[in-house]
Amino acid sequence: MSEAFEGYERQYCELSANLSKKCTAAAALSGEQKKQKVSDIRAGLENAEDLIRKMDLEARSLQPNVKAMLLAKLREYKSDLNNLKSEVKRMASGNLNPDARDQLLESGMADALTASTNQRSRLMMTTERLNQSGDRIKDSRRTMLETEELGVSILQDLHSQRQALLHADNTLHGVDDNIGKGKKILTSMSRRMNRNKWTIGIIITVLIIVIAVILYFKLVK
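Residues numbered from 1 in each chain as written. Predicted model: local features only at pLDDT ≥ 70, side-chain atom pairs only at ≥ 80, totals over all residues. Heavy atoms only, no water.

Draft legend 1. Representation of the overall build of the protein chain within the structure. Helix and strand content of the protein chain: 4 helices and 0 strands. Ordered by position from N to C terminus, the α and β elements of the protein chain give α-α-α-α. Of all 221 residues assigned to the protein chain, the portion counted as buried reaches 21%. Of the contacts formed within the protein chain by residues at least 6 apart in sequence, a portion of 76% connects residues at least 24 apart. Surface accessibility of the protein chain: about 16300 Å² in total, with carbon and sulfur atoms responsible for 58%. (Helix = DSSP H or I, 4+ residues; strand = E, 2+ residues; numbered from the N terminus. Buried < 20%, exposed > 50% of the residue type's maximum accessible area, 1.4 Å probe, protein only. Contact = heavy atoms within 4.5 Å. Areas by Shrake-Rupley, 256 points an atom, 1.4 Å probe, with all protein chains shown as cover.)

Draft legend 2. Representation of the nonpolar core. Counting residues in hydrophobic clusters, the biggest one holds 24 residues, and the most contacted among them are Tyr12, Ile41 and Leu74. Taken together, the elements giving at least two residues each to this core come down to α1 (3–27), α2 (31–60) and α3 (64–93). Each residue touching Ile41, except ones within four places of it in the same chain, is listed here: Leu19, Lys22, Cys23, Ala26, Val88 and Met91. (Core = buried A, V, L, I, M, F, W, Y, C linked by side-chain atoms within 4.5 Å.)

Draft legend 3. Structural detail: the pattern of salt bridges. Under the criterion given, the structure shown has 7 salt bridges. Among the ionic pairs, Asp50 bridges to Lys54, the shortest N-O distance being 3.5 Å. With Asp50 and Lys54 both in helix α2 and 4 residues apart, this pair spans about one turn of that helix. Among the residues examined, Lys54 registers a relative accessible area of 34% and is labelled partly exposed. Put simply, Asp56 and Arg60 hold a salt bridge, and the shortest N to O gap is 2.9 Å. (Salt bridge = Lys/Arg side-chain N within 4 Å of Asp/Glu carboxyl O.)

Draft legend 4. Examining a nonpolar patch on the surface more closely. Residues Trp198, Ile202, Val206, Val210 and Ile214 make up a contiguous nonpolar surface patch of about 520 Å² in total accessible area. Among the secondary structure elements, Trp198 is positioned in helix α4 (residues 98–220). (Patch = residues over 30% accessible without salt bridge, like charges linked within 9 Å, V, L, I, M, F, W, Y side chains within 5 Å.)

Draft legend 5. Here's a closer look at the confidence of the model for the protein chain. On average, residues of the protein chain score 79 in pLDDT, and 80% of them reach the 70 mark or higher. Summarising per-element confidence for the protein chain, the mean pLDDT is lowest in α4 (75) and highest in α2 (88). (pLDDT = per-residue confidence, 0-100.)

Draft legend 6. View of the environment of Lys35. Here Lys35 is to be found in helix α2. It is 9.2 Å that separates the C-alpha atoms of Lys35 and Met91, two residues lying 56 residues apart in sequence.

Draft legend 7. Inspection of the side chain of Asp56 at higher detail. Relative to the helices and strands, Asp56 resides in helix α2. Overall, the relative accessible area of 14% leaves Asp56 in the buried class. Setting aside residues up to four positions removed in sequence, Asp56 forms contacts with Leu71, Leu74 and Lys78.

Draft legend 8. Structural view of the packing of α1 against α3. Their axes nearest at 11 Å, the elements α1 and α3 cross at an angle of 20 degrees. It follows that α1 is roughly parallel to α3 by the angle criterion. In the packing of α1 onto α3, the handedness of the crossing is left-handed. For the pair α1 and α3, the contacting residues are Phe5, Glu9, Tyr12, Cys13, Ser16, Leu19, Ser20, Cys23, Ala26 and Ala27 in the first and Leu70, Lys73, Leu74, Tyr77, Asp80, Leu81, Leu84, Glu87, Val88 and Met91 in the second. (Axes fitted to C-alpha atoms, helices over the stretch in contact; angles between N-to-C directions. Parallel < 35°, antiparallel > 145°, perpendicular 65-115°, else oblique. Left-handed = near helix turned anticlockwise from the far one by under 90°.)

Draft legend 9. Region of the structure containing α2. Taking 1.5 Å per residue, 30 residues should reach 44 Å; α2 reaches 43 Å between its end C-alpha atoms and fits that length. By the burial criterion, the buried members of α2 are Lys34, Val38, Ile41, Gly44, Leu45, Ala48, Leu51, Ile52, Met55, Asp56 and Ala59. In this fold, the buried residues of α2 make contact with α1 and α3. (Expected span 1.5 Å × (residues − 1).)

Draft legend 10. The arrangement of the packing of aromatic side chains in detail. Using the criterion set out here, one finds 2 aromatic pairs in the structure. Aromatic pair Tyr12 and Tyr77: ring centres 5.1 Å apart, planes at 50 degrees, arrangement tilted. On the criterion of sequence distance, the pair formed by Tyr12 in helix α1 and Tyr77 in helix α3 is long-range, its members being 65 residues apart. Grouping residues by exposure puts Tyr12 and Tyr77 together as buried. (Phe/Tyr/Trp six-rings, centres within 6.5 Å; stacked < 30°, edge-to-face > 60°.)

Draft legend 11. View of the environment of Leu19. Considering the arrangement of structural elements, one finds Leu19 in helix α1. When its relative accessible area of 1% is taken as the criterion, Leu19 is described as buried. In sequence terms Leu19 and Leu84 are 65 residues apart; their C-alpha atoms lie 7.8 Å from each other. If near-sequence neighbours (up to four positions away) are discounted, Leu19 is found in contact with Ile41, Gly44, Leu45 and Leu84.

Set out below in structure tokens:
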């Protein structure tokens, strides 16, 4: 339920109970005192109407299932307000005889008692709802903190994994560099070996030619 609606509802219930008590008190008065009390009650009725309008606007802005429930409550409040208005009109007419005044006084006291009982019931229900909302907020906050802790733990694990991957990447780069250096060394050694092979081959060839020439001259002589 909307918190704004609950706030307006609490204000209306308190105001309605207060107006009922004032009506009861005004029924026993006469003259200027009664006029002053009636004027005060009418000002309270205007405030009550304003609260009902606010509740109506707030209820119509909510989801359909919630709106239907709140509008049903509003109908009760409007009926209660109309009863208060009717009672004020009867008092303001000034044509009440003593018997009617006594009857109105008894009726007003009964209405005040009923309104007070209804008010206490509504306030108890509202308090219970607020407590339940507070518990839900605490549960949500606890869940949020647990989620936050889990998120921090996950971020720490990801950071550690990232550091490990960076270390592995650096190691691979080092291995690549060493492989590149080893390859260059092997290539250089291979070239030297090839040069040495050619040099040895040339030397052997020259020696064979020299030996052949020497043998030739010896045989000829």
